2 protein chains.
Amino acid sequence: MSRASAARRATINDVAQAAAVSRQTVSNVLNRPHLVRAQTLERVRLEVERLGYRPSQAAQGMRSQRAGAVGIELNAVHRGASDVAQLFLTELTVAAPRFDVHLVPFADAGTFPAVDGYRDMVRRRLVDAFVLSDTHVGDTRPGWLLDSGIPFAAFGRIYDQPDLTCWADVDGAAGTTQAVEHLHARGYRTVAYLGWPHGQPASAVADARREGWRRTAGSLGTLGPESACEQDLADAALAAGALLDQLQPGDAVVCASDLLALGVVYAASARRWRIGPDLGVVGFDGSLTASRHALTTVQQPLADIAAAVLRRITDQLTGGADDPSGQLLVPTLTPGPSTDRSTATAYIPLPAPEQDHRR
Amino acid sequence: MSRASAARRATINDVAQAAAVSRQTVSNVLNRPHLVRAQTLERVRLEVERLGYRPSQAAQGMRSQRAGAVGIELNAVHRGASDVAQLFLTELTVAAPRFDVHLVPFADAGTFPAVDGYRDMVRRRLVDAFVLSDTHVGDTRPGWLLDSGIPFAAFGRIYDQPDLTCWADVDGAAGTTQAVEHLHARGYRTVAYLGWPHGQPASAVADARREGWRRTAGSLGTLGPESACEQDLADAALAAGALLDQLQPGDAVVCASDLLALGVVYAASARRWRIGPDLGVVGFDGSLTASRHALTTVQQPLADIAAAVLRRITDQLTGGADDPSGQLLVPTLTPGPSTDRSTATAYIPLPAPEQDHRR
DNA sequence: GAGCGGGTTTTGAACGTTCAAATCACGCAG
DNA sequence: CTGCGTGATTTGAACGTTCAAAACCCGCTC
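Residues numbered from 1 in each chain as written. Chains lettered and ligands numbered in written order. Predicted model: local features only at pLDDT ≥ 70, side-chain atom pairs only at ≥ 80, totals over all residues. Heavy atoms only, no water.

1. Concerning the overall build of chain A
Definition in use: Labels follow the DSSP assignment, with helices taken as runs of H or I lasting at least four residues and strands as runs of E lasting at least two, numbered in each case from the N terminus. Residue exposure ignores everything except the shown protein chains as possible cover, and the areas themselves are Shrake-Rupley values with a 1.4 Å probe.
A tally of regular secondary structure across chain A gives 13 helices and 12 strands. As displayed, chain A offers around 15,900 Å² of accessible surface, 50% of which is attributable to carbon and sulfur atoms.

Structure, rendered in structure tokens:
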């Protein structure tokens, strides 16, 4: 219970003195062990351990002219319709140590992503680079960062700069393909699609997800009708209702997002269709919404995306091997009760139609 | 379009040279302007602006032996049942610049909050302090941080160290009191309560929220029945069903969280009760769930809590005025359609009981 | 016995900032 | 004219680390 252990932390000199070597030898033990005689190595390592020495980030950053940090803006996240951003941030944070960086989130009180925030972070040398997380058409940030020579990588394609390669994204078509195949394997007959209107929220994403469904269902002969709506629950339930008019029990719906899938669940419940047995529903994103509502969903490989993004950033920083291409990562389908034909799960407790005997 | 502007950023010496003064004068202009002659002040400021100079975080941290950063763990958040954590993180991030700090999130691949992670962050002098964000009974972190002399402050009371004061929390009782008063004003008759079982997730939180309901409804003469369930949607719908058996249209339910409120919505829909006109429902937290499902909710004052937590931390760091007491912040009720008696909102499209004429 | 070379270790310098102390300019009293 | 005080500015030093270069040690060769 040494209450003052934060008083003064060990520096490289403390270790050097304790091990009776010079500071540079201690540095070598940590960074270039092969240069150090085995016996010395051990002695120094012992002292490092004993004193709990870790090099100071500030001093290292000073020497190397690197912050060892990556900035990420939280603004856009704030009132986003999806909760994926939070999961992505967590995965980034988990992956960061593997790339010898840490994250520095920042946000503006205003709603717009202000380039000023980015600029000040680099000027103060608080970060070396940025992760952009919801790129959209007309996004000014990639262009600006590029012009300023500030490294960055994005989760999501960079629409306005098609030649840029510093991004990683989910292969939406592969995702909906899996969804359709899963539904086919489970014996659902026709597979409909509920997506976003063209140009929403980022048309390339919407197009890819829809395309995977269209192509795969087409070749499997299960192509059903489609509809589109905003990323909004009430809107989705409405659109889903119209879509269900064209379906029969035993059919299924693939959705562009988990929220839309929830809308389908609502609309189906209104028709007394049992989710699973009567109607298969697949969402997209692997969001909290999906797990909370027990939906089969196409799970984004967020950990892989986080790693891919950080790799692109560190590659730029070290000037190392430039992996030249943007990367599409394949999501995986997570089956849930919403595509289980044999077991009816009570998604929403429905009104009993008439007197009903259950104990 | 100067593509090389990241090449070399201006240092204090660059500014000094440009303004024909010494580096210390530049430093004084920024930190102690009253020591500098007005004419010099202006000249230096001009150059600072022209060169876009900002002091290097690393160098300042080196000199001051401060990281200027606060750590926050994202682990617990990961698969949490609530999405409040994300909003809180955003508010912390927005507030941080006002306290001259930035945040450094960290996470372990493992599920348990490893004290090791905390220790290494301070040893590397990456952070000066920590924000703890979901304290629970039996949490080992506060005790350990205290013993290690590492400053911290928590969102949520510190249960195992009742004498500790470095926390800020929501006044749960005040929140449910507002909920009950709101329902009373809106003309709902009996007000029931759906909460967490004693000891869940942190009993003090659960107890406070329940107590506000009990006391206020008691004194208003609207006290109804209560029930409890886990923080889980299916469980909530089940418990809510049993609760509704004891209620009549015109009554209302106050819930310990937005998720539970959603469960009530489901159970009520199953009875063909219209949310709002037939049953008032109030959630708690102001989470994404509430806004997405148009629920009246008790909004946590996350911005205030973030500021309070950071203030406590910076007070500890500067050794300044120790605000000695933990702080309970009053939430505000955000009315939504779920407590609107006059307008029926289609929460869930319900099956038409029989042929029904609407255009 | 001086010189060489490779392995190991140490010394000097620098990264950018700010505190503490020294220096400078200047007006004014003795 | 000298000395003093005050306000403005500059110089030296230090924070902790790592690169570059110098120094050291030791066995070996000529």
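From this point, things continue past the structure.
2. Quick word on the pairing of strand 4 (residues 152-155) of chain B
Residue and element names in this part refer to chain B. To be explicit about the condition: Throughout this description, buried means an accessible area under 20% of the type-specific maximum (1.4 Å probe, protein chains only), exposed means over 50%, and partly exposed covers the range between. Only strands that DSSP links by at least two bridges are regarded as paired with each other. A right-handed crossover is one whose linking path, passing over the helix from the first strand to the second, runs clockwise when the strands point away from the viewer.
Residues Phe152 and Ala154 of strand 4 are buried on one face, and the alternating residues Ala153 and Phe155, pointing to the opposite face, are buried as well. As paired strands, strand 3 (residues 129-132) and strand 4 are joined by three bridges and run parallel to one another. In the strand pairing of strand 4, valine 131 is matched with alanine 153. In this fold, strand 3 hands off to helix 7 (residues 141-148), which returns the chain to strand 4; that crossover is right-handed. By the bridge criterion, two bridges tie strand 4 to strand 5 (residues 167-170) in an arrangement that is parallel. Residue pairing for strand 5: alanine 154 is matched across the bridge by tryptophan 167.

3. Observations concerning the side chain of aspartate 139 of chain A
Filter applied, for reference: Whether two residues are in contact is decided by their heavy atoms, any of which lying within 4.5 Å being enough.
One can find aspartate 139 of chain A in the loop between strand 3 (129-132) and helix 7 (141-148). Ignoring sequence-local partners within four residues, the contact set of aspartate 139 of chain A consists of Asp134 and Asp160 of chain A.

4. Describing the relation of the copies chain A and chain B
Keep this limit in mind: The copies are overlaid by a least-squares fit using only the C-alpha atoms of residues whose pLDDT is at least 70 in both copies.
Taken as rigid bodies, chain A and chain B are interconverted by a rotation of 180 degrees and an axial shift of 0.0 Å, the fit giving an RMSD of 0.1 Å. What we have between these two chains is a two-fold relation. Residue alanine 58 of chain A of chain A places its C-alpha closer to the rotation axis than any other residue of that unit, at 2.4 Å. Comparing interface residues between copies, 100% of those in chain A also lie at the interface in chain B; the contact surface is shared.

5. Digging into helix 5 (residues 84-95) of chain B
Residue and element names in this part refer to chain B. Counted only if it meets this: Expected helix span is computed as 1.5 Å times (number of residues minus one).
For helix 5, which comprises 12 residues, the first-to-last C-alpha distance of 16 Å matches the rise-based estimate of 16 Å (1.5 Å per residue) to within 8%. Most of helix 5 sits out of view: 11 of its 12 residues are buried. Along helix 5, the residues that are buried comprise Val84, Gln86, Leu87, Phe88, Leu89, Thr90, Glu91, Leu92, Thr93, Val94 and Ala95.

6. Notes on the protein's contact with DNA strand D
Definition in use: It suffices for a single heavy atom of a residue to lie within 4 Å of a molecule or strand for the residue to be listed as near it. In the analysis that follows, any N or O atom pair within 3.5 Å is treated as a polar contact, provided that within protein one partner can donate a hydrogen and the other can accept it, and provided that, for residues neighboring in sequence, both atoms belong to side chains.
Near DNA strand D there are 26 residues, and of these Ile12, Gln24 and Tyr53 of chain A together with Thr25 and Thr40 of chain B occur at the shortest range. At the protein interface, 51% of the atoms of DNA strand D within 4 Å belong to sugar or phosphate. Interatomic distance of 2.9 Å between a side-chain N/O atom of serine 27 of chain A and a phosphate oxygen of DNA strand D. In the environment of DNA strand D, a phosphate oxygen lies 3.2 Å from a nitrogen or oxygen atom belonging to the side chain of asparagine 31 of chain A. Counting residues per element, the ones that place at least two in the surface near DNA strand D are helix 2 (23-31) and helix 4 (57-64) of chain A together with helix 2 (23-31) and helix 4 (57-64) of chain B.

7. Description of the interface of chain A and chain B
The cut-off we apply is this: Buried area counts how much accessible surface, traced with a 1.4 Å probe, disappears from two parts once they are put together, with both parts' losses summed. Here a salt bridge means any side-chain nitrogen of Lys or Arg lying within 4 Å of a carboxyl oxygen belonging to Asp or Glu.
The partner chain B presents 72 residues to the 72 residues of chain A that form the contact. Buried surface at the junction of chain A and chain B, summed over both partners, amounts to about 6,200 Å²; 56% is from carbon and sulfur atoms. Three residues, Arg124, Arg125 and Arg292 of chain A, lead the burial of chain A against chain B; their summed loss comes to 11% of the area buried on that side. Our count for the contact surface shared by chain A and chain B stands at two salt bridges. In this structure, aspartate 120 of chain B engages arginine 54 of chain A in a salt bridge whose closest nitrogen and oxygen atoms are separated by 3.8 Å. The interface formed by chain A and chain B includes 15 residue pairs in polar contact (both at pLDDT 80 or more). Those elements that provide at least two residues to the side of chain A that touches chain B are helix 4, helix 5 (84-95), strand 2 (102-106), helix 6 (115-123), helix 7, helix 10 (233-244), helix 11 (258-270) and helix 12 (288-292) of chain A. Looking at the side of chain A that touches chain B element by element, the count peaks at eight residues for helix 5 of chain A.

8. With respect to the packing of helix 1 (residues 12-19) of chain A against helix 2 of chain A
Residue and element names in this part refer to chain A. For clarity, the threshold we go by: Every angle, taken between N-to-C directions, lies between 0 and 180 degrees, and every axis is a line fitted to C-alpha atoms, over only the stretch in contact when it is a helix. For classification purposes, an angle smaller than 35 degrees is called roughly parallel, one larger than 145 roughly antiparallel, one from 65 to 115 roughly perpendicular, and anything else oblique. Only Asp, Glu, Lys and Arg are considered charged, only Ala, Val, Leu, Ile, Met, Phe, Trp, Tyr, Cys and Pro nonpolar, and every remaining residue, Gly among them, polar.
Running from amino to carboxyl end, helix 1 crosses helix 2 at an angle of 100 degrees, the nearest separation of the two axes being 8 Å. As judged from the angle between their axes, helix 1 and helix 2 are roughly perpendicular. On helix 2, the residues that touch Ile12, Asn13, Val15 and Ala16 of helix 1 are Arg23, Val26 and Ser27. Looking at the contact of helix 1 with helix 2 residue by residue, the classes come out as four nonpolar, two polar and one charged.

9. Quick notes on the protein's contact with DNA strand C
By nearness alone, 26 residues border DNA strand C, and Ser22 and Thr40 of chain A together with Ile12, Gln24 and Tyr53 of chain B come closest of all. A distance of 2.4 Å separates a phosphate oxygen of DNA strand C from a polar atom in the side chain of threonine 40 of chain A. At a separation of 2.9 Å, a base oxygen of DNA strand C approaches a polar side-chain atom of arginine 63 of chain B. Those elements giving two or more residues to the surface near DNA strand C turn out to be helix 2 and helix 4 of chain A together with helix 2 and helix 4 of chain B. Grouping the constituent residues of the surface near DNA strand C by class yields eight nonpolar, 11 polar and seven charged.

10. Concerning the sheet that holds strand 12 (residues 332-334) of chain B
Strands in a sheet are paired, the pairing made by backbone hydrogen bonds, and the direction either parallel or antiparallel. Residue and element names in this part refer to chain B. Here six strands make up an open sheet; going across it, the order is 7-6-8-9-10-12 and the pairing mixed. Looking at which strands have only one partner, the edges of the open sheet turn out to be strand 7 (223-228) and strand 12. For this sheet the average axis-to-axis angle between neighbouring strands, irrespective of direction, equals 20 degrees. Looking at chain direction, strand 8 (residues 251-255) and strand 9 (residues 279-285) are connected through four bridges and run parallel. Following the sheet pairing, alanine 252 is matched in strand 9 by glycine 280. Sitting on the sheet, helix 11 (residues 258-270) is in contact with strand 6 (191-195), strand 8, strand 9 and strand 10 (296-299), with an inclination near 160 degrees to strand 9.

11. Structural notes on helix 4 of chain B
Quick reminder of the rule: The directions considered for the arc run from the helix axis to the C-beta atoms.
The set of residues buried in helix 4 of chain B consists of Gln57, Ala58 and Gly61 of chain B. The buried residues of helix 4 of chain B all sit within an arc of 95 degrees when viewed along its axis, so they share a single face. Residues of helix 4 of chain B that are buried sit in contact with helix 4 of chain A together with strand 2 (102-106) of chain B. Looking at where helix 4 of chain B begins, the residue whose side-chain oxygen comes 3.2 Å from the main-chain nitrogen of alanine 58 of chain B is serine 56 of chain B. Residue glutamine 65 of chain B follows helix 4 of chain B closely and has a positive phi angle near 60 degrees.

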